[in-house]
Structures are given as structure tokens and as C-alpha cells.
Amino acid sequence: MNTEVFASRHIGITEKDLQPMFETVGVDSMEQLIYETIPDDIRLKEPLNLPKGVSEHEFLTHIQNLADQNKVFKSYIGLGYHESLTPSVIKRNILENPGWYTAYTPYQAEIAQGRLEALLNFQTMVSDLTGMELANASLLDESTAAAEAMTMLLDVRSRQQKKEGALKFFVSEEVLPQTLSLLQTRSKPLGIELVIGNHEEFDFSNEFYGALLQYPGKHGQVHDYAGFVEKAKENEIKVAVAADILSLVLLTPPGEWGVDVVVGTTQRFGIPLGYGGPHAAFFATKEAYKRSIPGRIIGITKDTDGNPALRMALQTREQHIKRDKATSNICTAQVLLAVMAGMYAVYHGPKGLKYISEKVHTSAKLVSDFLTEVGFEQLNDVYFDTIKVKINSPKQLKEVAESVGINLNYIDDNTVSVSLNEAVEQEDIKRLIGCFMESHNQKPDASFAKSVTDILPESLQRKSPFLEHEVFNSYHSETELMRYIKKLERKDLALNHSMISLGSCTMKLNAASEMLPLSWANWGNIHPFVPLEQAQGYQKVLKELESQLNVITGFAATSLQPNSGAQGEYAGLMTIKAYHESRGEGHRNICIIPASAHGTNPASAVMAGMKVVVTKTDEHGNIDVSDLEEKAQLHSENLAALMVTYPSTHGVFESSIKHITQVIHDHGGQVYMDGANMNAQVGLTNPATIGADVCHLNLHKTFAIPHGGGGPGVGPICVAEQLKPFLPSNPVVETGGEQGITAISAAPWGSALACLISYGYIKMLGAEGLTEATKMAILNANYIKDRLKGKFDVLYTGERGRAAHEMIIDCRPFKAHGIEVTDIAKRLMDYGFHAPTVSFPVAGTIMVEPTESESLAELDRFCEAMLGIREEIDEAHADDPNNVLKNAPHTLHMVTSDSWEYPYSRQKAAFPLPYVSDNKFWPSIRRTDEAFGDRNLICTCAPIEAYAEV
């Protein structure tokens, strides 16, 4: 074995495993299997034009050399991004811990109570600091959260406002530039008219339905918005505030003014800058809007035994139910980052946060007082951490500052802003002040400590308590926090325990060598708006990653800006829209979507201003070609796009795909390919070959970024030559196409820090390893299919009976025994497995995707578990629900209880197969009561008596 070949570490199947697997599948070779799986007319004729893979050691040396090309300055740029200090106990035990970063979205609450508790802490922290009643479990970044606020407030307009067509949305000129750009992107397709101006001059006309304010303003001024909010309420105008979360420790929370929404980022709470992300945004609102809030909410309910339990609440808002009626396409969160931010608040507690915020505020006052004393004019009369200084020569100041490793925000020819942060010490302040004095030919003064006056007026000082719950007042030593984190981790099943075979979600190995650089300061501590010459390491990685993805997809250009798969869908459709408009065909607004598509597809299309036309699927699960042709012909004049997933959502390489894409092109449309199933394409076919024009890629699926319990995600788009000019831009740093659409995400390159992972994945696997990984994913899926043959029916297969990299197992026949698909999902927990995807895309089924990084032994364990469950189904009777499946999962408390009132043994309940006892995972609760939790919505860490009766 060549120990330097990364592919042999990433791919779980060994050479000796192949022959027995081929025998099970019924092929003589891998090439035969691939031939029978993928239509020959879309197979690539040449190998990927990528270099040979490098060893892990070579990669780490290479990535360290690139890291050295990033210059880590002290950045006082602000604009929504600030250096923060990640407590080492959080870095080591969460960010660097696969028990946290390899977990899946907590749809199965019984084996996700740890993450759910951590997210409940996050929601509580946000609700307390903002003064709002309800918060979700995070969004993608501050700017997209602000855009979600704009669209949610549109959705909850009064009946009278809807009748009168109130479509104006006021945006304060104090709002961050990247947020304004994103609001421009989102508003136009929905017919919302943005009006940008001074909040003090706003006329509160009834043409407006909402407003967005920034608190503090983009250059640091803190405004008292209480009067504005009062007038807005009198005129039925709803108000959203984008707030700095650390400032809310000292400043009056917007909730106390009666605002409707508060958004922002929690990046300041221990999350690395990472050249722009990933960071967890927050979204807090009123209880009245609980049915409209975008994203995920964690709520408290009860389990079968009546014990308190956590789960994702109000899931009926999910797009797979609402589809084109959805008001948001948000399908994910930033769970790993939200967990870290919440744990930052747990570790520091209210007193620690107050100390940090006062230190930051005091630093700003020190700089302001000193500069004022020596003759500079400081323009902000009320501020938290950012001062705005009048200067004579920004060019001279920039030269002096950069010569000593300092970045400032140069607003114009006469003004600069300086944003202080928790990492600033006395020596930093001295160096900062010295830059101003030297640039004005003044001698630096070694003594800088001046009298510090209180500049926050009484009306803006926070008086309300926050973070009073026990969890924020118990774990302030490293020992205690380490144990608390471990306690939560033990409640969660992640990839470090067993295979997570989720169809459409591709839970593969997130190699340690890919993850290690995320902790390095030269990657983590770079502000997204630094001059490009300071981020040359990042620029080389991002450019090469774009080039790698171009080769893999067969396309001409890539934008890394979208920071989730759903954002990628939206970005792809918006580039198509811009392309049509550039050709004088802006009337094209029809988007054809197969009935089997993921629910975010129609939600994204509607957000992009398109009308959804659904095309049927045939009895084999494929697109009904004749129905597609008919609808393309019917809408030929207005056809904008087809959204298609390939291989299909049913796990099949449809042989008619090239004909389908040609039909769309013949009628003037463009083809968007959803890249959720790209793990079955890499190196064997690609979106360009099948005739697509744009695709998004889930880097958190195919390209090894870990799911992190439900985020981070990265969803770049790759486009054909004609769409290249329209790739998204950024208002602060030049990026995107010559005619680029306005921003899709806040940062120029989205979640740049996470892109290091995919860069390493491609770099280490190389052309041959990437292709081999795809082949193994297909082999593993077909191996499971054929091992379960005769016991479980696979709903759809290709023309030669093959599955792609995933398959849908039909569980509907088991209703005759009284067994639902949910029972199988819950019983798998007793066998030590997370369930596959349940009831998507077909109700009553499970969708299995094993990925290439699982070993034959693990595949066999999963098959044995499924076959064991099949025997248990045969033993079940519809008229007797007291069986091992209906009672699953079985907790340690159940099995060790003094009483046992079940007609099967404790051993069968908890240790159904011999391998289970060797590595038993105990679900920490029994089945959750979803309906009870939705009727009695509790989404914060309330005192225990508040839900003791559940």
C-alpha cells in the first residue's frame, strides 16, 4: 500500500473488496457497472484535465506556503466584520472536533439532542440581547438575513396594504454597503421598490410597508430610533433593525422600541473573520410572526414518556411542502458557527460579555479622546466601537498605517473610520494613534491614556438584564465548559460513530488534513475587505478552486459567492434572468421544474421573479418528455429556464437528458442543473456535456465541506460562456462579471474559509482520485441495492436496472404490518445508524446514499441492520402496535428500568445484532411529539417550570 496516496485514505473500499462486491452486483468489472449506469452519449471521452493528486504531507506544506502569502494586519475596517478571539476550549472541542462538524441536520431529534440544546442556547442568547420574543437557529450572513426580513415583512403586510399595493421599502443610508447591494438583488424580482435615504427625513407615507435601520450605523454613529419606530407603527410600517450583537450588551436593545425584526451577525462572538465567512447570522422577531419566520427554529416539546425534548419546530414551513408558495428558499443554517457563538456566550456569561463590550467601547473612546485632543475632528457624537475621523490626506495615512500592518476604512478624501474590537490591546492603540500623528507630521506621544468620558446618552444605555438562564452562568472555567460540550456531544450521532447514508445529502469523509488549515491565523484572521495584495494566499486558492470547478463541470467560469445550495440556485437563476434581459428578452419568466425536484427549486424560481410550470414524471420516475415538450412549446415565447437535477432526484441517470436540454434551448430557454447529485458525475460526465448552462455545486456534499450539524454550506455556481458576464459582484471589493448582478451574499467570495476544504479535497485526490471516488459511490449504492434485493424494493432504477449513487427504497408495503417508514427510521437508531432521507422525494420511502468513503464492513453492517429490521417487520401485526419497531428508539433509561412491559427482550430492544454491543449508541430521548411542540411553541431556555408540565 502506497501510504502517500490520499485516495486510499479517502475511499473506503480496498482492492480486495472489489471482486466480492462485483459478484453481488452482477458485473465483471467497474467499467461494466459504469457502462450500465451512465448513458454512453454523456460519458466524458477524456480524463479530467487536473493534476495528479498530492499526498497529505505535500498538501499541508503547500497550504502553509500559501498561508504565508496572506498578510495578517490589524484590521479596523469594521463594516460588519471584526477580529474576535475564539476561546481555545471552543476551538479544540467544537471547531476541530468531528463529533460536532460531521453531524447532519437534526431532523432526527432523538439522536441530536446535544446540537439542539446548543442551538436553543443560541436562540436564547439572540432573543435576550435583541429584546425580541423569538429567534431562529441562524441564517447565512447579516446581509441575507436583512433581505429575509424585507421579504418576510412583505409577506405579513396587512390586508389593506396588500390591497393598496404597498411595495416600498425604506432603507437607511446608514445600512452596510453589502447589505444594500443584496437588498437590491432580492427586491427587484419581487417588485419591491427600495427607497434609500436619511431616516430623519422619512415621510412615513402609506406607500411603504417596511423599513430597515442600522444600529450602530455603518460608520459608527449610534442613533436613537425610538421616535422613528413609534411613528412607523402609527403608520402601519413595520421596522427591521440590523444590529451589532456585541453593542447590544451596552445599548438599548431594538426590541424595547417595539421593532418587528432584528438581524445581524454573531461573527464577533468568537468566530474567525475567515475572509468573509462562514459566519452565523441571527434573525429575531415577534411571536406573532412565528409562522412566517425564515429558516429553522429549535423548540421544546415532550417525548413518548412525557419528558422534555428538543426538536426542529414548525417544519411545515419547509419548502418541500410549500414549494412555489414558499416565501423563502432558505434550506439550511450555519449550525456549527451558531453553536460556537452560543458557546462563546455560555463561556463568558453576561458579566464576561459586559467586560468585553466595555473594553471595546473604552478602546474607541480612548482613541477618540486622544485624536480630538491633538487636533483631529471626530465626527461621531454617539458611538459604540467605531469613530469617524476627518483627515487631510487619506493616501498618506494609508501608506503610514499599512507600513506598520494596520488597515482602516477610507470613506472618502476627507474621512476615515476606525472600528475597535476585543483583540485590541494598549500597544495596538499606541500604534494606531501613532499612524494618525505621523501622517499629519506630528510626533507620536508615548502617553496616550486620556480622560474617558461617558458618551452614551441615558436613553441609549441598556438597563434590562440578559442571559439570566443557568446555562449562561455555570460554565466559566475551561474544565466546566469542556465537560458541558462533551455532555452535549455524547447525545449526538455523527460520522465519527457510523455511516450516515442520507440520499441527496452526501455525508462523506471530511479529511483531517482538509480541516486543519481552518484553525490557522493566516487563514482565519483576514478581513474580507482588505486590499487584494494582503490576501494573495486566499486569492490563489480561490482562483485555482474556481479553475478546478470549471474543469469538473465543463463550464467557463465560477462564482464562489453563494454560501448555501439554495443561494446557488437563486444565483444561477438570477444570472439567467440577467442574460435574457441583456438580449432584450426580459419578458422570459417561465421556469419549468419537474414534479420530483427539491422544494427549494420552485421557491428559488419565485424569488427570482419567475413563474413555475411543473412538468410530470413518468411511472419510472423520469421526466415525462412528451409533457416537457408540450409545455416548452406552449411557453416558448416566455420560457426562461428549466431546473433539472442530474442524476434525477430519484437516483437515475435519465437517458433522455440531452434531448431534454435541447428542447429547452430550441425554445430560447437556459438550463439550470441542480448539483445536489454531482457526486455521481465527477470525472464520468458533467453538466456542460448534458447540455446545461449553469449549475450550482454543494461543496458541503460532493466536495467534502462538513455539514456541521446543518451548516456551513457553500453553493458556488459554474456557468457557460454566455452567462459569464453576469456572475455576482460586490460593492466593496471588485469581483464577478463585467455586467455582474448585484450581491448574492455579503462577502465577495462568500464563505471563503470553508473553500480551503474543497480546494484540499480536489488537490489531494487529483483527476484520477476524483473519478475513482465517483465510481466507488456508484458501486457502493448498487452493492446495497443488491444485498437488500428480495427484502426491500427499490422504486426507480436506470434502463439497465442500475442505481446512480443513491436509491429510493419503498417502505409503503409494510403498512400491511402496521409499520410506517418513520418506524424504520427510529429503529435504525437502535442499530447505531442515522436513518437515510425519509419520505423525500416520495412519501413512505427512504433514500439511501452510502458515498465512496465507507468501507465494505460498514456497508455490510448497514445491510445487516436493514435485513434485521425486515425480519422484525414480518413479526409485526397491524392490530398490535406494542412491538420493537413502534416502540423504537429504546433509551438506556427504558432498558435499565425496573419494569419491562414489552413482549420482546431487553436484548432485542437495545442489542439486536452482535456488532451493536461493541459500539452502542444510546438515543437520549424517546420519540418526540411534534404536534405538541408546535401547539406549545417554546424556543428559548425558559426556566424549567415553564415547560415542566410537558
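Residues numbered from 1 in each chain as written. Predicted model: local features only at pLDDT ≥ 70, side-chain atom pairs only at ≥ 80, totals over all residues. Heavy atoms only, no water.

### Here we look at the nonpolar core
Step number 1: Formed by 241 residues in total, the largest nonpolar core has its most connected members in Met125, Tyr215, Met343, Leu408, Phe436 and Leu481.
Step number 2: When near neighbours in sequence (up to four residues on either side) are disregarded, methionine 125 contacts Ile245, Thr266, Phe269, Ala341, Gly342, Ala345, Leu467 and Phe472.
Step number 3: Core analysis: the next-biggest nonpolar cluster, separate from the first, contains 33 residues, Ala146, Phe169, Val175 and Leu183 among them. (Core = buried A, V, L, I, M, F, W, Y, C linked by side-chain atoms within 4.5 Å. Buried < 20%, exposed > 50% of the residue type's maximum accessible area, 1.4 Å probe, protein only. Contact = heavy atoms within 4.5 Å.)

### Quick word on the sheet that holds strand E6 (residues 238–243)
Step number 1: Here we have 7 strands laid out as an open sheet, ordered E2-E8-E7-E6-E5-E3-E4, and mixed in their pairing. Across the chains shown, the open sheet's two edge strands, defined by having one partner strand only, are strand E2 (134–135) and strand E4 (193–197).
Step number 2: Bridge count for strand E3 (residues 168–172) against strand E5 (residues 208–215) is 4 bridges, and the pairing is parallel. Each bridged residue has a counterpart across the sheet, and for phenylalanine 169 the counterpart in E5 is glycine 210.
Step number 3: Seen against the sheet, helix H11 (residues 226–234) touches E3, E5 and E6 and runs at an angle of roughly 150 degrees to E6. (Pairing = 2+ DSSP bridges. Helix = DSSP H or I, 4+ residues; strand = E, 2+ residues; numbered from the N terminus. Axes fitted to C-alpha atoms, helices over the stretch in contact; angles between N-to-C directions.)

### Some remarks on the side chain of aspartate 786
Step number 1: Inspection of the secondary structure assignment puts aspartate 786 in helix H25 (residues 752–787).
Step number 2: Contact partners of aspartate 786, with chain neighbours within four places excluded, come to Thr24, Val25 and Arg802.

### Some words on the packing of aromatic side chains
Step number 1: By the definition in use, this model includes 29 aromatic pairs.
Step number 2: Ring centres of tyrosine 275 and tyrosine 538 lie 4.6 Å apart, and the angle between their planes is 25 degrees; this geometry places the pair in the stacked category. In this pair, tyrosine 275 is assigned in the loop between strand E7 (261–265) and strand E8 (281–285) and tyrosine 538 in helix H19 (residues 536–553), connecting sequence segments 263 residues apart. Taken as a pair, tyrosine 275 and tyrosine 538 share a single burial class, namely buried. (Phe/Tyr/Trp six-rings, centres within 6.5 Å; stacked < 30°, edge-to-face > 60°.)

### Remarks on the packing of helix H5 (residues 88–95) against helix H16 (residues 478–489)
Step number 1: At a minimum axis separation of 10 Å, H5 and H16 run at an interaxial angle of 20 degrees. Here H16 runs roughly parallel to H5, going by the angle between their axes. Our pair here, H5 against H16, has a crossing hand that is right-handed. Contacts between H5 and H16 involve Val89, Ile90, Asn93 and Ile94 on the former and, on the latter, Glu478, Leu481, Met482 and Ile485. (Parallel < 35°, antiparallel > 145°, perpendicular 65-115°, else oblique. Left-handed = near helix turned anticlockwise from the far one by under 90°.)

### What to know about the pattern of salt bridges
Step number 1: What the rule picks out here adds up to 41 salt bridges.
Step number 2: The salt bridge involving aspartate 786 is made with lysine 785; its shortest N-O contact spans 3.3 Å.
Step number 3: A relative accessible area of 9% places lysine 785 in the buried class.
Step number 4: Residues participating in the shared-partner salt-bridge network are Glu36, Lys785, Asp786, Lys789 and Arg802. (Salt bridge = Lys/Arg side-chain N within 4 Å of Asp/Glu carboxyl O.)

### Let's talk about the pairing of E5
Step number 1: Taking burial as the measure, the 8 residues of E5 include 8 buried ones, the bulk of the element.
Step number 2: Relative to E6, E5 is paired through 6 bridges, and the arrangement is parallel. Residue pairing across strands places leucine 213 opposite valine 241, the latter belonging to E6.

Scope: geometric values only; no functional claims are made or implied.
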